[in-house]
Amino acid sequence: MTSIDLNADLGEGFGRWRLTDDERLLSVVTSANVACGFHAGDAATMRRVCELAAERGVRIGAQVSYRDLAGFGRRAMDVPSAELAAEVAYQIGALEVFARAAGSRVAYVKPHGALYNRVVHDEEQAAAVVDGVLLADAALPVLGLPGSRLLGLAGKAGLPVVTEAFADRAYTDAGTLVPRTRDGAVVTDPEAVVERSLGLARSGEVSSQSGTRIEVRARSLCLHGDTPGAVDLARRVRERLESSGIRVEAFA
């Protein structure tokens, strides 16, 4: 039986402000990418999400980013390699405290936003992220885009690598994500997202923005938690996958 992991970005709030419906999404997904305070999240939020995830048996992942609260981690930044590596390790370590307190652990690492897109092609920034993960835990899996420099360097460094796909994001013909600044970068039709999810899980293929069929073989499928109706859409995706004979389970 084919299987796939469902991950979502959670804990994306700060203080009294909350963006994601963490509790309800944690009843659907199998892996939680928890914001570690640099693009969103604070200590209380991180602790709460870790406790909820541990209660439900959902794997906890550190979603590391550039230090960019004001821009939600989506602004391009040039951070020196040594500084970025230290900040990646710092974020993982902070989340690990709360994961351990909840009786769980940090099970993987995933970059967020501008950092995620940067390390697809940028060798120097990708190497800095890998160095940060190694500093925190040399056995942590790294979740990222197939063919990215990040996963290539992580694999060479001996870190487990896990490929990821996005049903609600448009792809270029090269298999990269269409920048959010372009029209149509986010797929908003719920039925289209469900069908794309099924295609990615079954065949590892999806249509690019130009209509070209491209290969995107992934072990995990990301469901964004900050889109309108995210919980209902996540449920529809999971129900469709399971009714089609696809097992939904965590990769870590």
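See the structure printed just above.
Just so we're clear, the structure is a prediction, and the values are computed from it rather than from any experiment.

Draft legend 1. Representation of the overall build of the protein chain in the model. Along its length, the protein chain carries eight helices and twelve strands. In summary, the protein chain has a C-alpha radius of gyration of 17 Å against a globular reference of 18 Å for 252 residues, a match within 12%. Projecting the C-alpha coordinates of the protein chain onto the three principal axes gives extents of approximately 40 × 40 × 35 Å. A total of 252 residues make up the protein chain; the buried ones form 54% of that total. Carbon and sulfur atoms make up 50% of the accessible area of the protein chain, which amounts to about 10600 Å² in all. Averaged over its 29 positive side-chain charges, the protein chain has a centre that lies 3 Å from the centre of its 33 negative ones.

Draft legend 2. Quick peek at the state of the cysteines. Per the stated rule, a full pass over the model turns up zero disulfides. Cys-50 takes part in no disulfide bond, and the closest cysteine sulfur, belonging to Cys-36, lies 8.3 Å away.

Draft legend 3. Representation of the pairing of strand β1 (residues 3-10). Across the eight residues that make up β1, a large majority, seven, are buried. For β1 and strand β12 (residues 247-248), the ladder comprises two bridges, and the chain directions are parallel. Opposite Ile-4, over in β12, you have Val-248 as the bridge partner. Bridge count for β1 against strand β11 (residues 220-222) is three bridges, and the pairing is parallel.

Draft legend 4. The arrangement of helix α2 (residues 43-56) in detail. Look at α2: 20 Å from first C-alpha to last across 14 residues, which is about the 20 Å you get at 1.5 Å a residue. The set of residues buried in α2 consists of Thr-45, Met-46, Val-49, Cys-50, Leu-52 and Ala-53. Buried residues in α2, looked at end-on, bunch into an arc of 165°, giving them a common side. Set apart from the buried face of α2 by more than 90 degrees, the exposed residues are Ala-44 and Glu-55. Backbone geometry just after α2 places Gly-57 at a positive phi near 75°.

Draft legend 5. Focus on helix α5 (residues 123-136). In this model α5 runs 20 Å from its N-terminal to its C-terminal C-alpha over 14 residues, within 8% of the 20 Å that 1.5 Å per residue would give. Of the residues making up α5, those classed as buried are Gln-125, Ala-126, Ala-128, Val-129, Val-130, Gly-132 and Val-133. At its buried positions, α5 is contacted by α3 (81-101), β6 (106-111), α4 (113-121), β7 (142-144) and α6 (149-156).

Draft legend 6. View of the packing of α2 against α3. Here α2 crosses α3 at 45°, and the two axes come no closer than 8 Å. If you check the angle between α2 and α3, you find them oblique. When the axes of α2 and α3 are compared, the crossing they make is right-handed. Taken together, the residues of α3 that come into contact with α2 (itself represented by Ala-43, Met-46, Arg-47 and Cys-50) are Ala-94, Leu-95, Phe-98 and Ala-99. When grouped by side-chain class, the residues that make up the contact of α2 with α3 number seven nonpolar, no polar and one charged.

Draft legend 7. Structural detail: unusual backbone geometry. The backbone of Phe-72 sits at a positive phi, close to 55°, despite the residue not being glycine. Looking at the element boundaries, Phe-72 is found in the loop between β5 (59-64) and α3. Overall, Phe-72 belongs to the buried group, its relative accessible area being 13%.

Draft legend 8. Looking closely at the packing of α5 against α6. One way to put it is that α5 packs onto α6 with a least axis distance of 9 Å and a crossing angle of 45°. Put simply, α5 runs oblique to α6. Note that α5 runs across α6; the crossing there is right-handed. Every residue of α6 that contacts α5 at Glu-123, Ala-126, Ala-127, Val-129 and Val-130 is listed here: Arg-149, Leu-150, Leu-153 and Ala-154. Per-class residue counts for the contact of α5 with α6 are seven nonpolar, no polar and two charged.

Draft legend 9. Up close: the pairing of β6. Taking burial as the measure, the six residues of β6 include six buried ones, the bulk of the element. Since β5 and β6 lie parallel, the crossover through α3 that links them has a hand, and here it is right-handed.

Calculation notes
Residues numbered from 1 in each chain as written. Predicted model: local features only at pLDDT ≥ 70, side-chain atom pairs only at ≥ 80, totals over all residues. Heavy atoms only, no water. Helix = DSSP H or I, 4+ residues; strand = E, 2+ residues; numbered from the N terminus. Rg over C-alpha atoms; globule rule 2.2 N^0.38 Å. Buried < 20%, exposed > 50% of the residue type's maximum accessible area, 1.4 Å probe, protein only. Areas by Shrake-Rupley, 256 points an atom, 1.4 Å probe, with all protein chains shown as cover. Lys, Arg positive; Asp, Glu negative; His and termini not counted. Charge placed at Lys NZ, Arg CZ, Asp CG, Glu CD. Disulfide = S-S within 2.5 Å. Pairing = 2+ DSSP bridges. Expected span 1.5 Å × (residues − 1). Arc of directions from axis to C-beta. Contact = heavy atoms within 4.5 Å. Axes fitted to C-alpha atoms, helices over the stretch in contact; angles between N-to-C directions. Parallel < 35°, antiparallel > 145°, perpendicular 65-115°, else oblique. Left-handed = near helix turned anticlockwise from the far one by under 90°. Nonpolar A, V, L, I, M, F, W, Y, C, P; charged D, E, K, R; others polar. Right-handed = clockwise from strand over helix to strand, strands pointing away.

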